[in-house]
Amino acid sequence: MKRIILLIVLFFAAIAISPMLIGEKGYILIALGNITIESTVVTATLMLITLFIVLLIAIRLLRGGLNLSLGAWNKFAFASQRRALRNLKKGIAAYILGDNQQAEHLLVKSAEPSHFEQIAYLLAASAADKQGLTANTKHYLAQLAENQENLKDVGLESILVTIQLLINNEEFSQARQLIDSHHKHIGHDDRLLAQEITLSLIENRFSYVVEQLIAARKSKIITNDTIEKWEAAAFYGVFNEQIQQHDSEALNAYWNNLSRKIKQREQVVFAYCRVLAAHQIIQPLSKILLPVIKKGANEQLLKQMRSLPLTSSDELIKTVQKHLHQDQHNAKWLSCLAHLAANSQQWSMAEKAFNSLVHLEGEQYDRVDLIAFAHVLEKQNELTKAIEVLNKLVVKNN
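Residues numbered from 1 in each chain as written. Predicted model: local features only at pLDDT ≥ 70, side-chain atom pairs only at ≥ 80, totals over all residues. Heavy atoms only, no water.

### Looking at the overall build of the chain
Tallying secondary structure elements over the chain gives 22 helices and two strands in all. A buried classification covers 39% of the 398 residues belonging to the chain. When the accessible surface of the chain is split by element, carbon and sulfur atoms take 57% of a total near 24,400 Å². (Helix = DSSP H or I, 4+ residues; strand = E, 2+ residues; numbered from the N terminus. Buried < 20%, exposed > 50% of the residue type's maximum accessible area, 1.4 Å probe, protein only. Areas by Shrake-Rupley, 256 points an atom, 1.4 Å probe, with all protein chains shown as cover.)

### Brief notes about the side chain of Glu 241
Structurally, Glu 241 is set in helix 12 (residues 224-245). Although Glu 241 lies buried, it forms no salt bridge, and the closest oppositely charged side chain, Arg 205, sits 9.6 Å away as judged by the N-O distance. (Lys, Arg positive; Asp, Glu negative; His and termini not counted. Salt bridge = Lys/Arg side-chain N within 4 Å of Asp/Glu carboxyl O.)

### Examining the pattern of salt bridges
Going through the model one piece at a time under the given rule, you end up with twelve salt bridges. The salt bridge partner of Lys 385 is Glu 382, with a shortest N-O separation of 3.3 Å. The network of salt bridges with shared partners includes Arg 176, Asp 180, Glu 196, Glu 203 and Arg 205.

### A closer look at the layout of surface pockets
Taken as a whole, the largest pocket encloses approximately 530 Å³ of empty space. Along its surface, the largest pocket is lined by 18 residues, and Trp 255, Lys 263, Val 269, Lys 287 and Ile 288 are the ones closest to its centre. Elements with a contribution of two residues or more to the lining of the largest pocket: helix 13 (248-257), helix 14 (260-263), helix 15 (266-278) and helix 16 (282-295). Of all the elements, helix 16 adds the most residues to the lining of the largest pocket, at six residues. Tallied by class, the residues present in the lining of the largest pocket amount to nine nonpolar, four polar and five charged. (1 Å grid on protein atoms, 1.4 Å probe; cavity = no way out; pocket = protein on both sides within 12 Å on 5 of 7 lines; lining within 4 Å. Points joined across faces, edges and corners; volume = space filled by probe spheres on them. Nonpolar A, V, L, I, M, F, W, Y, C, P; charged D, E, K, R; others polar.)

### As for the nonpolar core
Trp 230 and Phe 239 are the most contacted members of the largest nonpolar core, which totals 100 residues. Each residue touching Phe 239, except ones within four places of it in the same chain, is listed here: Leu 251, Tyr 254, Trp 255, Leu 258, Val 268, Ala 271, Tyr 272 and Val 275. (Core = buried A, V, L, I, M, F, W, Y, C linked by side-chain atoms within 4.5 Å. Contact = heavy atoms within 4.5 Å.)

### Brief notes about empty space enclosed by the protein
Evaluation of the coordinates by the stated rule reveals one cavity of 30 Å³ or more. Its volume calculated, the largest cavity comes out at about 40 Å³. Considering the residues around the largest cavity, the lining is formed by Leu 302, Met 305, Arg 306, Cys 336, His 339, Leu 340 and Asn 343. Among the elements that take part in the lining of the largest cavity, helix 19 (residues 331-343) stands out by supplying four residues, more than any other. In terms of residue class, the lining of the largest cavity is built from four nonpolar, two polar and one charged.

### Brief notes about helix 10 (residues 190-202)
With 13 residues, helix 10 extends 19 Å from end C-alpha to end C-alpha; this agrees with the ideal 18 Å at 1.5 Å per step. When helix 10 is considered as a whole, its buried residues turn out to be Leu 192, Leu 193, Ala 194, Gln 195, Glu 196, Ile 197, Leu 199, Ser 200 and Leu 201. (Expected span 1.5 Å × (residues − 1).)

### Concerning the environment of Glu 228
Note on placement: Glu 228 falls in helix 12. The spacing of Glu 228 and Val 268 is 40 residues in sequence and 8.9 Å in space, taken between C-alpha atoms.

### Examining the packing of helix 15 against helix 16
Look at helix 15 against helix 16: their axes get within 9 Å of each other, and the N-to-C directions meet at 145°. The two elements helix 15 and helix 16 meet at a crossing, and its hand is left-handed. Contacts between helix 15 and helix 16 involve Val 269, Tyr 272, Cys 273, Leu 276 and Ala 277 from the former and Pro 284, Leu 285, Ile 288 and Leu 289 from the latter. The residue makeup of the contact of helix 15 with helix 16, split by class, is nine nonpolar, no polar and no charged. (Axes fitted to C-alpha atoms, helices over the stretch in contact; angles between N-to-C directions. Left-handed = near helix turned anticlockwise from the far one by under 90°.)

### Digging into the packing of aromatic side chains
Evaluated as defined, the whole model comprises six aromatic pairs. Considering the side-chain rings of Phe 235 and Phe 239, the 5.9 Å spacing of their centres and the 40° angle between planes classify their relative orientation as tilted. Taken together, the residues Phe 235 and Phe 239, both in helix 12 and four residues apart, mark about one turn of the helix. Note on accessibility: Phe 235 and Phe 239 belong to one class, buried. These aromatic residues form a ring-pair network of at least three members: Phe 235, Phe 239, Tyr 254, Trp 255 and Tyr 272. The ring of Tyr 208 is capped by Arg 205, whose NZ or CZ atom sits 4.3 Å from the centre of that ring. (Phe/Tyr/Trp six-rings, centres within 6.5 Å; stacked < 30°, edge-to-face > 60°. Lys NZ or Arg CZ within 6 Å of the ring centre and 35° of its normal.)

### Examining helix 19
If you check helix 19, its first and last C-alpha atoms are 18 Å apart, about what 13 residues at 1.5 Å a residue would give, namely 18 Å. Of all 13 residues making up helix 19, eleven are buried, and the element is well covered by its neighbours. Listed as buried for helix 19 are Ala 331, Trp 333, Leu 334, Ser 335, Cys 336, Leu 337, Ala 338, His 339, Leu 340, Ala 341 and Ala 342. Buried residues in helix 19 make contact with helix 16, helix 17 (299-304), helix 18 (314-326), helix 20 (347-358) and helix 21 (367-379). One or two residues past the end of helix 19 sits Gln 345, with phi positive at roughly 65°.

### Brief notes about unusual backbone geometry
Even without glycine at this site, Asn 204 takes up a positive phi of about 65°. Secondary-structure assignment places Asn 204 in the loop between helix 10 and helix 11 (206-217).

Here's what the structure looks like:
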């Protein structure tokens, strides 16, 4: 607008000045070789002003046309990218809503055109994993590996999701490579520490996991239940390694070298007992279990004892029977006696104890008791009774 006003002012100024110059027209002569151009000053000035105005108008029109053509080209050229971004947004929304099939389809479709390959393939892999589509998940993880960006660009969260997907789909070597490339963050991020422990257990690096459990116990986000599961698996593996790679003396030495605090943890104690029972190392096993049975306070460990393959347990049975002499209707001791007798193949004693247990008021037995009871009856060829017990198990599960 300012330019138009300026042009109008110049035009009228020229008209106003021109009469003043009529008396003194002036004279201009331009010679170019054999060509000569003659004109008055007034005529030349008016021509220059007119030419200047025409040029300004032409430039304005040309610029407008250029902007229009660039806008049209831009709209045409980036149409596929805008469509891909819409599909990406729809895919993310479908993923949040739990429509994994639709999410996978849209995210894969939008990955390359949208130039957001990392997030698109990551979410597509997760959606495929939730559908149980292992082949699809592995394919998208391979695409992620090809388009892997540095940590600053994608964030540690993307790395964590990728590692978890690799573990879920048994791509353990790739998961290990990715964890090792970000190993310095393990001490600063408990989520990565949890994945390191999970993968190390799969890799049978039990001694290493035992060391990492110290840091895991200091974490505010790793639950105690998770730590106990890791602890049970790690120590069972370590104890097994001692006896398989060395002998029972090495196992005993490793146990004795543990701190008193660790030896008081139920998961560690039970892992040790499992290894002792599996290799029929009776004396140290009885040394641990007898005090537990005599005190009778640790009901959790008493329940876990039911799964131990105790083929020689006469001393333990006598101790349990002493408790039953004082309270013959005690469900805890009836269950304990029945399982000890069953594991040592004393079928008659086991049947009597199970019979007493299942006839107590209030159904004070569980599915583990019923399965063992049915097994005892089967061993004595009492198949009808075994079927009746299994029917109780079906009813209890329903």
